[in-house]
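Structure at a glance
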There are 2 protein chains.
Amino acid sequence: MSTIDDVAKLAGVSIATVSRVLNGKNGISDKTREAVQKAIEELDYKPSRTARDLANKRSLLNIGVVISERIERILNTKDLFGIREFYTTVLTGIESYIKENKYTLDLRMFSNCDDDFIKSIDGLLIIGGDQLPECIKNAEIPKVLVDNYIPSLKVDSVISNGFDGAYYVIKKMIERNYKRVVHIHGPLDFYSFRNRYEGYTAAMSEKGLLPQTFECDETRNGICYALNLALSKNPEVIFASNDVIALIILDELKKMKINVPDDIQLIGFDDIISSSISEPKLSTLEVFKYEMGNIAVSRLIDLINGKNPHPAVISLFTTFVERESTLKK
Amino acid sequence: MSTIDDVAKLAGVSIATVSRVLNGKNGISDKTREAVQKAIEELDYKPSRTARDLANKRSLLNIGVVISERIERILNTKDLFGIREFYTTVLTGIESYIKENKYTLDLRMFSNCDDDFIKSIDGLLIIGGDQLPECIKNAEIPKVLVDNYIPSLKVDSVISNGFDGAYYVIKKMIERNYKRVVHIHGPLDFYSFRNRYEGYTAAMSEKGLLPQTFECDETRNGICYALNLALSKNPEVIFASNDVIALIILDELKKMKINVPDDIQLIGFDDIISSSISEPKLSTLEVFKYEMGNIAVSRLIDLINGKNPHPAVISLFTTFVERESTLKK
DNA sequence: TTGTATGCGTTATCAA
DNA sequence: TTGATAACGCATACAA
């Protein structure tokens, strides 16, 4: 196998020049370019991907990370520590990957994304399920949605596999002979809620059971309201969109002297820390938040490097973590 | 990612020593070895295969590619050129990536996958939607399913986004005011068929229409049978699981003197070459087969290198290619 | 427009 | 038993 050195020698130029020709840089005289190309042809030279990858690692990229005002609020709120932890962990995954590769990070809120910002970054990570402002939607740089997916947009996304997680756990409960399994969920315009909702629905339908779903916003009031509706169905199992909602439900059930898991069993989604210290401990589907951040950056880097540019959705498997809230004695 | 340098520093030795420990050379004091191993553990250090290959000036990655007997038959059959082309293109994508990286490839049928084979490869690409034999399922090496997905298995997969493709195109037809849209599909135990089926169903249901689906095997007889059932519903649009089925349907409709698109409109899936030369030309959803092969290898390499090891499903967006078969005058 | 020199993460050689 | 250091093939900042 010939190397860049052989080509350079044959063409009578330096390896830097050969490299430039290879990478289509400009600022090369036609004569030189032709000479190099002829040499490449003659030697049937093929650049080594291994070496190329290795050399490419060094490039300093500036990664933009944007969050909605909603998430910004969450990150700054004390009592919703549950959700806060979710995004914090995702961000940690992002940051650690960026740091390891010696890239730089620029974190902004949606409202601060002007043209100058877009121009200053090499790629964009967009966190959370909120509506995207136009300036972000239109930004013509590599983009990756994190914990969000917009089917109509064909933008790369990294999400958790909410469908299969929900589907699996609901089927499991049905196989344990519970039939009255209800779902209390957040607004379905958030993809992650919708995805889990669909998994729940699919499992119920497949088992010939009627899905019973109750929507709520993410406030305690909203959750209480949905919970009361749900309780009127005399459920054996309540499956909530996420752990934050599940934990509030747990709290409310306690107030009503309804015992979990003996009277009603409860399942969340996300596996935030509070779920493992609640009383009883909450059974839930673990979402790999840190890994989600990690892989999102990794995918973005690929896009920036023009590697596997065809847009794709990357969906991370979840794992059922069974704790006390589904272990009825 | 930490490097050999980090480990050396933490262990208080030189990188040469670390390298020795890594490669199990002898002539190292137990004390040093332990220190190095502890550092490796602590940093969760994984050697870079890229750098290792470069230094070794060899690419010892041997990628196993396995296909079912069914696919092997398809690849060797002349008249099923449609499906044949599909898998051929996927394989081309795989091969080109492997060649570029100067890796080696070992292609086998399911029945030839013994332990020796598994031992001889660094990672496994499994093509197509067929049932996996135990020896492959149990192989404890990095694996990626290509054009297949098994929810219960948590194995990495690369697939096309059949749901959204079907959903999008069906909604589009409904918005053009067609209400009698039927779906003729292959066996639903193949994930790709099931996925498209669900996209169709979701779009119909969402628009308040009753999904009308007809299963067939992939033989002409089977397709005819399903087609006749479907025709009894007096459809305005027929959506087929893939182009091969659609093209056979087209042929049968011609025999019946039913005009496409004026009497019935027809939509396929995959975008194989024959679809662009049929009469009329077939509207279809393009599946990026070559890219699918490419990204599958790329993902496998990552897994082999321990990069982003959390299992994930990568789903490639499809594109609607509108040709004559849906352009009713 | 072109060349020089450096670094990417690892292995291997040669000294110490 | 260990450490410095030269490759491996390429990209690129900086000089010329």
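The coordinates are above.
Residues numbered from 1 in each chain as written. Chains lettered and ligands numbered in written order. Predicted model: local features only at pLDDT ≥ 70, side-chain atom pairs only at ≥ 80, totals over all residues.

**Here we look at the interface of chain B and chain A**
Listed as interface residues are 27 residues of chain B and, on the opposing side, 25 residues of chain A. Only α4 (49-56), α13 (289-304) and β11 (312-316) of chain B provide two or more residues apiece to the side of chain B that touches chain A. Among the elements that make up the side of chain B that touches chain A, the one with the highest residue count is β11(B) (five residues). Across the side of chain B that touches chain A, the residue classes tally to twelve nonpolar, nine polar and six charged. Note: strand β11 (residues 312-316) of chain A against β11(B), five bridges, orientation antiparallel. Paired with Val313(A) across the bridge in β11(B) is Ser315(B). (Contact = placed C-beta atoms within 7 Å. Helix = DSSP H or I, 4+ residues; strand = E, 2+ residues; numbered from the N terminus. Nonpolar A, V, L, I, M, F, W, Y, C, P; charged D, E, K, R; others polar. Pairing = 2+ DSSP bridges.)

**Focus: the packing of helix α11 (residues 220-231) of chain B against helix α12 (residues 243-255) of chain B**
Residues and elements named next belong to chain B. One can describe the packing of α11 onto α12 by two numbers: an axis separation of 10 Å at closest approach and a directional angle of 65 degrees. By the angle between their axes, α11 is roughly perpendicular relative to α12. Of the two elements, α11 crosses α12, and the hand of that crossing is right-handed. For the pair formed by α11 and α12, the contact residues are Arg 220, Ile 223, Cys 224 and Leu 227 on the first element and Ile 245, Ile 248, Ile 249 and Glu 252 on the second. (Axes fitted to C-alpha atoms, helices over the stretch in contact; angles between N-to-C directions. Parallel < 35°, antiparallel > 145°, perpendicular 65-115°, else oblique. Left-handed = near helix turned anticlockwise from the far one by under 90°.)

**Overview of the protein's contact with DNA strand C**
For DNA strand C, the set of nearby residues contains 27 residues, the closest of which are Ala16(A), Thr32(A), Ile4(B), Ala51(B) and Ala55(B). The set of elements that each furnish at least two residues to the surface near DNA strand C consists of α2 (15-22) and α4 (49-56) of chain A together with α2 (15-22) and α4 of chain B. In terms of residue count, the dominant contributor to the surface near DNA strand C is α4(B) (five residues). A per-class count over the surface near DNA strand C returns 14 nonpolar, ten polar and three charged. (Near = placed C-beta within 6 Å.)

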